[in-house]
There are 2 protein chains.
Amino acid sequence: MEPILNFAQLTAHLKKLNHRKRIAVVCANDPNTEYAISRALEEGIAEFLMIGDSTILKKYPTLKQYPEYVKTIHIENPDEAAREAVRIVREGGADILMKGIINTDNLLHAILDKEKGLLPKGKILTHLAVMEIPTYHKLLFFSDAAVIPRPTLQQRIEMIWYAICTCRHFGIEQPRVALIHCTEKVSAKFPHSLDYVNIVELAEAGEFGNVIIDGPLDVRTACEQASGDIKGIVSPINGQADVLIFPNIESGNAFYKSVSLFAQAEMAGLLQGPICPVVLPSRSDSGLSKYYSIAMACLQVSGDCKCRKQVSQVTGSSF
Amino acid sequence: MEPILNFAQLTAHLKKLNHRKRIAVVCANDPNTEYAISRALEEGIAEFLMIGDSTILKKYPTLKQYPEYVKTIHIENPDEAAREAVRIVREGGADILMKGIINTDNLLHAILDKEKGLLPKGKILTHLAVMEIPTYHKLLFFSDAAVIPRPTLQQRIEMIWYAICTCRHFGIEQPRVALIHCTEKVSAKFPHSLDYVNIVELAEAGEFGNVIIDGPLDVRTACEQASGDIKGIVSPINGQADVLIFPNIESGNAFYKSVSLFAQAEMAGLLQGPICPVVLPSRSDSGLSKYYSIAMACLQVSGDCKCRKQVSQVTGSSF
C-alpha cells in the first residue's frame, strides 16, 4: 500500500476497507465526543456501543440517524460503566475502547484491574500519538507524551515496537525512528542517551526488522535535513523522521502542546499495551482530534502485521 | 516605555537609544556571524572588537564600510583569543561577549576560569532565549534550553530572575511567568512540581516584585486562554505567558527546536550569569537569529532596572 501521509488519506483508506470496527464508549456525554462519533458513523468506519447514561441519544439526535450502528447499554454509575465496557472488550464484543467524559483515573482503574482488566501481565502501558503538522511533509508519530514519566530501556523498546507496528499499518515500509535528546552527544549525565546506544545496536542487529533507528538527535535534526547538514551530523534519519521517541514525559508533552498550539497541528493519540487500542482523549482535545484518534484505532485493528501477531500471541487475545 | 512585542520593535528601540554597545567577538569567521555583525553595524546598535584571525576583514569587505566601529586584535590561537576577549570584558573594554566559530567548550573554559573568568563566585550560568512566533501575539521568553540539565530550586529561582530582568528591559511591567509541566497537578513523582509550589509562594510573598508566577501549567494552558477554559483551570497567567520556565533541558530544547522548525519562529538567546551577556549561538542558528541575539544583549546592557543593579552589586562589575 501507499503510505498514508495525512488524516484525510487515513479516512479515505478506512472507507475503502469498508468494514466498521466496533467501539465501546464509556460515558460519551460531551459535544466533542459526539462530533467524533457522528463523524465516524458518517464516514462508515465504525459502529458504537455506548455504555453509560443512555439519555445521550436524546441529547444528540444526529446519532439517531444510524440506529443499526449505535447500541446503548444504560448504566448510570461511571465506574460500573467502565467495568462493563472492559468486560465486553475482553469477551470480544468490541475492537476498541474509548473514553467519554469519565475521569481518566477511573477508566484506567478498570483497564488495569489485574483479574478483569485489559493489560496482559508484563505488557507496558504507554501512549502513542501522531500529528499532522502543516509545515511537515508527512505524519509524525511520537511517544510518550502522556503516560510513562521516565521510561526504562525495556519501556523504550516497547514504545518503539508500538510505533513501528503502527507505522506499518500506515503503509510506511521502513519507518525512521529518531531517539530525541538535546544534542547528538551520548553522555552518562543523561542516562537515556546510553539507552539510545543500546537501542541503535539492537536495530543494527536487525532486532526491529526493516527500520532505521538513530539517536541521540534533536527534534530539528530529526525533521530537517538542512539542520543536520549545517551541524555536520550524518544520520540515516536525514531529516525524514517518521517517529520521535522522547527522553521523558516533560519533553514529549512540551513538543505535543507547543506544536499543536503554535504550528496548528492536528493530533490523534492512543493508549498502547492493553489487548485493544484505547482512545483516551484529553479534556482539551478538539472533536476533530477525537475523530482522528478513532480513525487511528480503527486502522490499528485493521489488517495485520507481524508485530501485531506477536502482540496477539503474547496476550492470547483474539485479534 | 511601551512593551517591545517583536524583533522589529527591538531594533527600532535600540536605534532610538542611539548608543552603540561594544561587543568582543571571538573568532568571527563564518557567513552567519558576518551577517549578524554587518546588520548590527548598519542598524547602528553596536561596535565590534574582533579578536582572532584578523584576515576576516579581508574576506568580508562589508565590515570595512564601518572602519570606526570595527577594531581587530590579531590572535591566531582560538584559546588565546578567548582568554584575551575575557580579559578585555573584565577590564571594562567591552559590554558583551560573542562567540564566533570557536568551539563552545573552549570559550566556556575561558569564561568559567575561577581566577580570570567572567562568572562571579556563587552566580549561576544559565541560558535565556526569546522567540518571535508568528502565531503568538508577543515575544515568548524561555529558559533553560541549553545549559542546566536539571535545575535545582535555587537555579530555577535564578533563571526566573534573569527572565524577569530581561522582560523589564523589554518594557514588560508585570511579566507573566509560567512554570511548565505536563499537567497542572503537583506530584512528588515530579520533584520540579514541588519546587514550583515554593516558587509560587515566594512570588505571592512579593519576593520577585511586580510579577505573576503560576504553575505547574502545560505549554498550551500557559499560552492559550481557551485551553485553560476548557480544562477549567483558573490561572492568573490566563494564556498570556511572557516567560516559560521548563522543568528540564530536554523539554526546553524540544520546545525550542520544534517551535523554531514547525512554527517558523525566530530566536535570540544569551548566556546569563557572567558579568556581561554572552552571545553563544548554535552552529545551526541563522544569521538573523545571531543578529537578534546581539540586539537582545544590547538591550540587556542598556538602561537600568532594579534587578540589574542587584546583579552589579553582587559582581562588583561596572555596568
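Residues numbered from 1 in each chain as written. Chains lettered and ligands numbered in written order. Predicted model: local features only at pLDDT ≥ 70, side-chain atom pairs only at ≥ 80, totals over all residues. Heavy atoms only, no water.

S.K.: Got a minute to help me understand the overall build of chain A in this structure?
M.R.: A count of helices and strands for chain A gives twelve helices and eleven strands. Taken against the 2.2 N^0.38 rule, which gives 20 Å for 319 residues, the C-alpha radius of gyration of chain A at 19 Å falls within 12% of a compact globule. Going through the 319 residues of chain A one by one, you find that 62% of them count as buried. Across chain A, contacts joining residues at least 24 apart in sequence account for 72% of those joining residues at least 6 apart. A total of about 12800 Å² of accessible surface is found on chain A, and carbon and sulfur atoms cover 49% of it. (Helix = DSSP H or I, 4+ residues; strand = E, 2+ residues; numbered from the N terminus. Rg over C-alpha atoms; globule rule 2.2 N^0.38 Å. Buried < 20%, exposed > 50% of the residue type's maximum accessible area, 1.4 Å probe, protein only. Contact = heavy atoms within 4.5 Å. Areas by Shrake-Rupley, 256 points an atom, 1.4 Å probe, with all protein chains shown as cover.)

S.K.: What is the right way to read the relation of the copies chain B and chain A from this model?
M.R.: The two chain copies are connected by a rotation around an axis plus a translation along it. Superposing chain B onto chain A takes a rotation of 180° plus a shift of 0.0 Å along the axis, which leaves an RMSD of 0.0 Å. Such a combination of turn and shift is consistent with a two-fold rotation axis. Proximity to the rotation axis, assessed at the C-alpha, singles out Ser 251 of chain B in chain B; its C-alpha lies 1.8 Å from the axis. Here 100% of the interface residues in chain B have copies in chain A that are interface residues too; the copies meet face to matching face. (Least-squares fit on C-alpha atoms with pLDDT ≥ 70 in both.)

S.K.: What's the story with the packing of aromatic side chains in this structure? I'm lost.
M.R.: Describing an aromatic ring pair means giving the distance of the ring centres and the angle of the ring planes. Counted according to the given criterion, the structure contains 16 aromatic pairs over all chains. With a centroid separation of 5.0 Å and 80° between ring planes, the pair formed by Phe 141 of chain A and Phe 170 of chain A is classed as edge-to-face. Remark: Phe 170 of chain A occurs in the loop between α6 (153-169) and β7 (176-180) and Phe 141 of chain A occurs in strand β6 (residues 140-143); sequence separation between them is 29 residues. Classification of Phe 170 of chain A by relative accessible area gives buried; the value is 0%. Between Phe 142 of chain B and Phe 255 of chain B, the aromatic rings sit 5.1 Å apart at their centres with planes inclined by 75°, giving edge-to-face as the arrangement. With Phe 142 of chain B in strand β6 (residues 140-143) and Phe 255 of chain B in helix α10 (residues 249-262), this pair connects stretches of sequence that are 113 residues apart. Considered together, Phe 142 of chain B and Phe 255 of chain B belong to a single accessibility category, that of buried residues. Put simply, the rings of Phe 142, Phe 246, Phe 255 and Tyr 256 of chain A pair up and form one aromatic cluster. The side chain of Arg 20 of chain A reaches across the aromatic face of Tyr 69 of chain A, ending 3.6 Å from its centre. (Phe/Tyr/Trp six-rings, centres within 6.5 Å; stacked < 30°, edge-to-face > 60°. Lys NZ or Arg CZ within 6 Å of the ring centre and 35° of its normal.)

S.K.: What is the right way to read the side chain of Glu 158 of chain B from this model?
M.R.: Residue and element names in this part refer to chain B. With respect to the element layout, Glu 158 can be found in helix α6 (residues 153-169). On the accessibility criterion, Glu 158 (17% relative accessible area) is buried. What Glu 158 contacts, discounting residues up to four positions off in sequence, is Lys 123 and Ile 124.

S.K.: Explanation requested: α10 of chain B in the structure shown.
M.R.: All names here are of chain B. In a regular helix each residue adds 1.5 Å, so 14 residues correspond to 20 Å; α10 covers 19 Å between its end C-alpha atoms and thus fits that length. The buried fraction of α10 amounts to 14 of the 14 residues, a majority that puts the element mostly inside the structure. Backbone geometry just downstream of α10 places Gln 264 in the positive-phi region, at approximately 50°. (Expected span 1.5 Å × (residues − 1).)

S.K.: Sorry, what's going on with the pairing of strand β2 (residues 46-52) of chain A here?
M.R.: Successive residues of a regular strand alternate their side chains across the two faces of the sheet. Residue and element names in this part refer to chain A. Counting buried residues in β2 gives seven out of seven residues, a clear majority hidden from the surface. Side-chain alternation along β2 places Ala 46, Phe 48, Met 50 and Gly 52 on one buried face and Glu 47, Leu 49 and Ile 51 on a second face that is also buried. Note that strand β1 (residues 21-26) and β2 share six bridges and pair parallel. Paired with Ala 24 across the two strands is Leu 49, which belongs to β2. In this region the chain leaves β1, passes through helix α2 (residues 31-43) and returns to the parallel neighbour β2; the handedness of that crossover is right-handed. When β2 meets strand β3 (residues 70-74), the two strands line up parallel, connected through five bridges. Its bridge partner lying in β3, Leu 49 is registered against Lys 71. (Pairing = 2+ DSSP bridges. Right-handed = clockwise from strand over helix to strand, strands pointing away.)

S.K.: Looking at this structure, how should I read unusual backbone geometry?
M.R.: The phi angle of most residues is negative, glycine excepted, and most peptide bonds adopt the trans form. Cis geometry is adopted by the peptide bond preceding Pro 216 of chain A, which originates at Gly 215 of chain A and carries an omega value of 0°. Looking along the chain, the bond that leaves Ser 143 of chain B and enters Asp 144 of chain B is cis, with omega of 5°. Structurally, Asp 144 of chain B can be placed in the loop between β6 and α6. Backbone geometry at Asn 18 of chain A places phi at a positive 55°, although glycine is not the residue there.

S.K.: I'm lost on the interface of chain B and chain A in this one. Help?
M.R.: Often, the extent of an interface is quoted as the loss of accessible area on bringing the components together. Listed per partner, the contact involves 38 residues of chain B and 38 residues of chain A. Carbon and sulfur atoms make up 67% of the surface buried where chain B meets chain A, a total of about 3300 Å² over both sides. Of all residues in chain B, the largest losses of buried area upon contact with chain A belong to Arg 220, Phe 262 and Arg 283 of chain B, amounting jointly to 21% of the total for that side. Run the count over chain B and chain A and you get two salt bridges. Linking Lys 257 of chain B and Asp 218 of chain A is a salt bridge whose minimum nitrogen-to-oxygen distance equals 2.8 Å. At the surface where chain B touches chain A, the tally comes to eight residue pairs in polar contact (both at pLDDT 80 or more). Only α8 (219-223), α9 (225-231) and α10 of chain B provide two or more residues apiece to the side of chain B that touches chain A. No other element matches α10 of chain B, which puts twelve residues into the side of chain B that touches chain A. (Buried area = accessible area lost by both parts, 1.4 Å probe. Salt bridge = Lys/Arg side-chain N within 4 Å of Asp/Glu carboxyl O. Polar contact = N/O pair within 3.5 Å; in protein donor to acceptor, adjacent residues only side chain to side chain.)

S.K.: Is there a simple way to think about the pattern of salt bridges in this case?
M.R.: Opposite charge on two side chains permits pairing when their charged atoms draw close. Under the defined criterion, the tally for this structure stands at 26 salt bridges over all chains. Each of the salt bridges in this network shares a partner with another, and the network as a whole consists of Lys 15, Arg 39 and Glu 43 of chain A.

S.K.: Explanation requested: the UniProt feature "domain: Phosphate acetyl/butaryl transferase" (unreviewed entry) in chain A in the structure shown.
M.R.: Using the residue numbers shown here, the UniProt feature "domain: Phosphate acetyl/butaryl transferase" (unreviewed entry) corresponds to residues 81-297 of chain A. Between the C-alpha atoms that bound residues 81-297 of chain A the distance is 21 Å, and the span itself is 40% helix and 18% strand. (UniProt positions renumbered as here; feature names shortened; annotations may be inferred.)

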